[in-house]
Structures are given as C-alpha cells and as structure tokens.
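# Commentary on secondary and tertiary structure
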Amino acid sequence: MRADAKALLDRLGKSDFKYREFVDRFADLESWPIFEAVLRDSRLLGSVPDDLDNDVDDAGLHEHGGELIQPAKAQLRPDLFARYASSDKVPSAPEPQRNIRSLLERLSHAVEEGEL
Amino acid sequence: MALIVVQGLRGGVGTTFLAANIAIAFAQAGREATALDFAAHGTLPLHFGLPLDHPIAQIDGNPLEDSAPLGVTLRAAAQFAAKGDLAAALASGEIRFSGEQVVVADLATADEATRAMLLPYAALDIRVLSATAESLSVLPHVLDEASDRTFYLINMADDTRRFCRHMAGFLRELLGDRLLGSIRRDEAVIEAGAMLQPLAKYAPSSASLKDVQTLVHDLVPRLSAAFATNDETAVAVKPAEDRSRKTTGRQGVSRAA
C-alpha cells in the first residue's frame, strides 16, 4: 500500500476504503447487450416460449413480455451445505419462469435507489 | 474435511491470489490449511512471499523446509495430476480430504481434466470472474456445467466503474445466493507480489485482504455444518480407521504409502 494511502487511512481511523457507489440512470443499465445475450443463451434457457423470440425479434426487449427459465443449477437450495456428502446430486427444480423486463426493471430500481 | 476448488472463468482474474489468501485466512482462523498448486508453472508460492526459486514439495513427496508459510502447507500437484496418478489416488483413497483440514486447490482455467477429477470430492467449487464482458460471456457455459456445490466470486471489483457495478447487480439477480460476493480491486495486491511479500504482511489493511477474510468467515459456519453431517460421505475416501496409515508429514492431504 502506498504510504500516502496508509497515512490517510490512519488519520481516518479506517482499515480500508469503501468506494462510494454512484447512481446510474435506467438507460445506462439497459445499455449492455451482453446482459441480454447471457439471459437469452440457449444453455441458460430451459425452454423458450415461442412468443419470446417473436417479441424480442420484432419489437425489442422493451416491448416484449417474454419469459425465461432461471438456470436451475444457479439456485441455492437451503439444504445445500447439509448435503455435501451426497455425490449423486439431483439438479434443482427450475424456478418459476422469470421475465427479462422484470429483471431489468428491478436492476434499474436498485440503481435509482443507489443500491447498485 | 473440505476441499475447496478455486478456478477462474478466464485467465487473469486473480484465481491464484484468491486461492492463496483463502487458505491463509482459514489458517488464521485456526484451521489446518493446505494449498495445492495444480498449475504447471504456478505462482501460488508468490502469494506466500516465497522466493521465485523456492522449492515446493510435491503432493506425494516429503515436506521441505519452510513448506508451511503463514500456517498453510504448500504442495505442488501439477506433475502428479499430469502423470495420471491423481485420479487413481483419489479413487483408491490414497488421497483423501480428512479431519478438520481445509484444502484449497488452485486450478488453471483450462484444466478441465483435473477439475473433473477433483469436483466429486469438493465441498465447495468457487468460480472466479472479473467484471468484464469476457468473464460474462463464459458464464452460460459454466452455469450449464455447474454442480450444486458451485458458487461464484467477483474479483477485482471496482465500484467506481460503471460496468462493474452493473455486472455485480446483474449477477446478484441471476445467481442469487450462488454469488458469494465481491473482492475489491486493490493495488496493494500487485505491489505485494512485486515486493515478494504476502499481502497480509505487505498491506494488512488491504481492502482485498479484508474481503477475503470476510468471505472465509462466512464460509466457515457453512462448511462446519456440512462436516457435521458428512460422516457417511459418499465420496471415495477410506474409512476413518484407515487414516492412521502412513502419511507424508504435515500434509493437509494425506497420501498413504
């Protein structure tokens, strides 16, 4: 650690810095196509409702009401750590279908609230 | 027992730094910790402040002098795995993860073979990513192959960077509790390596170090709870009475003769 940084921490009585989290606009959050690309990856989609492709292709993300299935293996089950002993893991049941727009709206809300 | 596999989604995401400092944090928390270096030209010793030419004992060899820096037993395992001995040793129980030990395996990003061998024995599989499109682009593939022991960790996080903040939020939504958290980017990590010092010595107030320690603090009770119900483990380990067989010194991973 640089001496000036350490001196500042000492003066502040802190052990480390915590960066301020800056608020971003809704539009900023939706401006990363890779997020949608990840969400729409076939390996993540347990099944894709027919209207999802149509809606996105025709009207773009903002207008569609398409849904996707959350990746089953991404779900943490409450008994996960208690079942380490088992090697015959059964994949989690898929979560209820989730909406891309809903996800992005929640992210946006978090940004506007300064939580993100 | 706990084998923790640490592997990056992409190269350069700081996997070795995390593996080393996770092991160090467990040792500081009073656990017997071992770090296994599965990289052919691994840099794990660097994060313990060891000289570049410092010999590291092989996993199937005898312990060398100063082989437990910062309370962590270091073992090189790449050659052992490359020879094809690892799978047999694991299956036969020659290598087993026993007792209260915590074994942290540092895997090279592309080493799918070793990963496949170790994962059935792992209590925790930590996949490391950085806040980059490259890491994110690999995620669908990784999620597709993830087990329910797989968790994710963002390294080198910088909240002053817009994409980093957005990606962290995105991953929180996507992964839920599968996202263990973020380790803040800290220049002290690079400086400590350049000074040939462990981060804990070079910059004990490092933000990265504090985040790793917090991570390990959060993992301990989870792993302890697992141990309590892990006596009838289904993995191919020797019965408890066989653990008195010859081992190679103070190795965290026992290998019977």
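Scroll up for the structure.
The text that follows walks through the structure, step by step, so that each part is easy to find.

Quick look at the overall build of chain B now. From N to C terminus, chain B includes 9 helices and 9 strands. By sequence separation, contacts in chain B at least 24 residues apart represent 75% of the contacts at least 6 residues apart. Of the roughly 9,900 Å² of accessible surface on chain B, a fraction of 52% belongs to carbon and sulfur atoms.

Attention now goes to the layout of surface pockets. A probe as big as a water molecule, rolled over the atoms, marks out the empty space that is left. Residues and elements named next belong to chain B. Of the voids in this model, the largest pocket is the one considered here, and its volume is about 460 Å³. What lines the largest pocket is a set of 28 residues, among which V13, G14, T15, T16 and F17 lie closest to the centre. Broken down by secondary-structure element, the contributors of at least two residues to the lining of the largest pocket are α1 (15-28), β5 (102-107), β7 (150-157) and α7 (187-194). The biggest single contributor to the lining of the largest pocket is α7, with 4 residues. Split by residue class, the lining of the largest pocket holds 9 nonpolar, 13 polar and 6 charged.

Residues and elements named next belong to chain B. Spatially, 7 strands are ordered β3-β2-β5-β1-β6-β7-β8 in an open sheet, and the strand pairing comes out parallel. Both outer strands of the open sheet, β3 (72-76) and β8 (179-184), are each paired with one neighbouring strand and no more. Averaged over all adjacent pairs, the angle separating strand axes in this sheet is 20°, with direction ignored. Relative to β7, strand β6 (residues 124-130) runs parallel, the two sharing 6 bridges. Bridging across to β7, L129 finds its partner in I154. Here α1 sits on the sheet and contacts β1 (2-8), β2 (33-37), β3, β5, β6, β7 and β8; the angle it forms with β5, its principal contact strand, is near 170°.

Tallying each qualifying case throughout the model produces 3 aromatic pairs over all chains. Geometrically, the ring pair formed by W32 of chain A and F163 of chain B is edge-to-face, given 4.9 Å between the ring centres and 70° between the ring planes. Here F163 of chain B lies in helix α6 (residues 162-175) and W32 of chain A lies in the loop between α2 (26-29) and α3 (33-39), a pairing that spans two chains. Seen in terms of ring centroids, F35 of chain A and F163 of chain B are 5.8 Å apart; in terms of plane orientation they differ by 20°. Their pairing is stacked. Taken together, the positions of F35 of chain A in helix α3 and F163 of chain B in helix α6 put the pair across two chains. Under the relative-accessibility criterion, F163 of chain B is labelled buried at 14%. Ring pairs connect the aromatic residues W32 and F35 of chain A together with F163 and F170 of chain B, which therefore count as one cluster. The side chain of R178 of chain B reaches across the aromatic face of F151 of chain B, ending 4.9 Å from its centre.

As a further point, take the side chain of T15 of chain B. Position of T15 of chain B among the secondary structure elements: in helix α1. At 3.2 Å, the side chain of T15 of chain B forms a polar contact with the backbone nitrogen of G8 of chain B.

Another point: the pattern of salt bridges. Residues and elements named next belong to chain B. Evaluation of the coordinates by the stated rule reveals 6 salt bridges over all chains. Across the pair K83 and D85 runs a salt bridge whose closest N-O atoms are separated by 3.8 Å. The exposure class assigned to K83 is exposed, which follows from its relative accessible area of 56%. A relative accessible area of 29% means that D85 is categorised as partly exposed. Linking D158 and R161 is a salt bridge whose minimum nitrogen-to-oxygen distance equals 3.5 Å. Owing to a relative accessible area of 55%, R161 belongs among the exposed residues under this scheme.

With that settled, consider the nonpolar core. Counting residues in hydrophobic clusters, the biggest one holds 41 residues, and the most contacted among them are I22, F26 and F48 of chain B. With 10 residues, the single largest contributor to this core is α1 of chain B. Contacts of F26 of chain B, omitting those with residues within four sequence positions, involve I4, R31, A33, V102, V216, L219, V220 and L223 of chain B. Counting 28 residues, the second-largest nonpolar core is a separate cluster that includes L39 and L104 of chain A together with L143 and L175 of chain B.

Residue and element names in this part refer to chain B. Two elements in contact, helix α5 (residues 133-145) and α6, have axes separated by 12 Å at closest approach and are oriented at 10°. The orientation of α5 relative to α6 falls into the category roughly parallel. Where α5 abuts α6, its residues A133, S135, L136, L139 and L143 lie against F163, M167, F170, L171, L174 and L175. Class assignment for the residues of the contact of α5 with α6 results in 10 nonpolar, 1 polar and no charged.

On the surface, L8, L12 and F17 of chain A cluster together into a nonpolar patch covering about 260 Å² of accessible area. As for its placement among the helices and strands, F17 of chain A is situated in the loop between α1 (3-12) and α2.

Attention now goes to α6 of chain B. All names here are of chain B. Between its first and last C-alpha, α6 extends 20 Å over 14 residues, near the 20 Å set by a 1.5 Å rise per residue. The buried count for α6 comes to 11 of 14 residues, which makes it a mostly enclosed element. Among the residues making up α6, those that are buried are F163, C164, R165, H166, M167, A168, G169, F170, L171, L174 and L175. Two residues or fewer after α6 comes G176, characterised by a positive phi angle close to 60°.

Residues and elements named next belong to chain B. Across 4 bridges, the pairing between β7 and β8 is parallel. When the sheet's bridge partners are listed, Y152 is paired in β8 with L179. Between the parallel pair β7 and β8, the chain is carried across by α6, and the sense of this crossover is right-handed.

Calculation criteria
Residues numbered from 1 in each chain as written. Chains lettered and ligands numbered in written order. Predicted model: local features only at pLDDT ≥ 70, side-chain atom pairs only at ≥ 80, totals over all residues. Heavy atoms only, no water. Helix = DSSP H or I, 4+ residues; strand = E, 2+ residues; numbered from the N terminus. Contact = heavy atoms within 4.5 Å. Areas by Shrake-Rupley, 256 points an atom, 1.4 Å probe, with all protein chains shown as cover. 1 Å grid on protein atoms, 1.4 Å probe; cavity = no way out; pocket = protein on both sides within 12 Å on 5 of 7 lines; lining within 4 Å. Points joined across faces, edges and corners; volume = space filled by probe spheres on them. Nonpolar A, V, L, I, M, F, W, Y, C, P; charged D, E, K, R; others polar. Pairing = 2+ DSSP bridges. Axes fitted to C-alpha atoms, helices over the stretch in contact; angles between N-to-C directions. Phe/Tyr/Trp six-rings, centres within 6.5 Å; stacked < 30°, edge-to-face > 60°. Buried < 20%, exposed > 50% of the residue type's maximum accessible area, 1.4 Å probe, protein only. Lys NZ or Arg CZ within 6 Å of the ring centre and 35° of its normal. Polar contact = N/O pair within 3.5 Å; in protein donor to acceptor, adjacent residues only side chain to side chain. Salt bridge = Lys/Arg side-chain N within 4 Å of Asp/Glu carboxyl O. Core = buried A, V, L, I, M, F, W, Y, C linked by side-chain atoms within 4.5 Å. Parallel < 35°, antiparallel > 145°, perpendicular 65-115°, else oblique. Patch = residues over 30% accessible without salt bridge, like charges linked within 9 Å, V, L, I, M, F, W, Y side chains within 5 Å. Expected span 1.5 Å × (residues − 1). Right-handed = clockwise from strand over helix to strand, strands pointing away.

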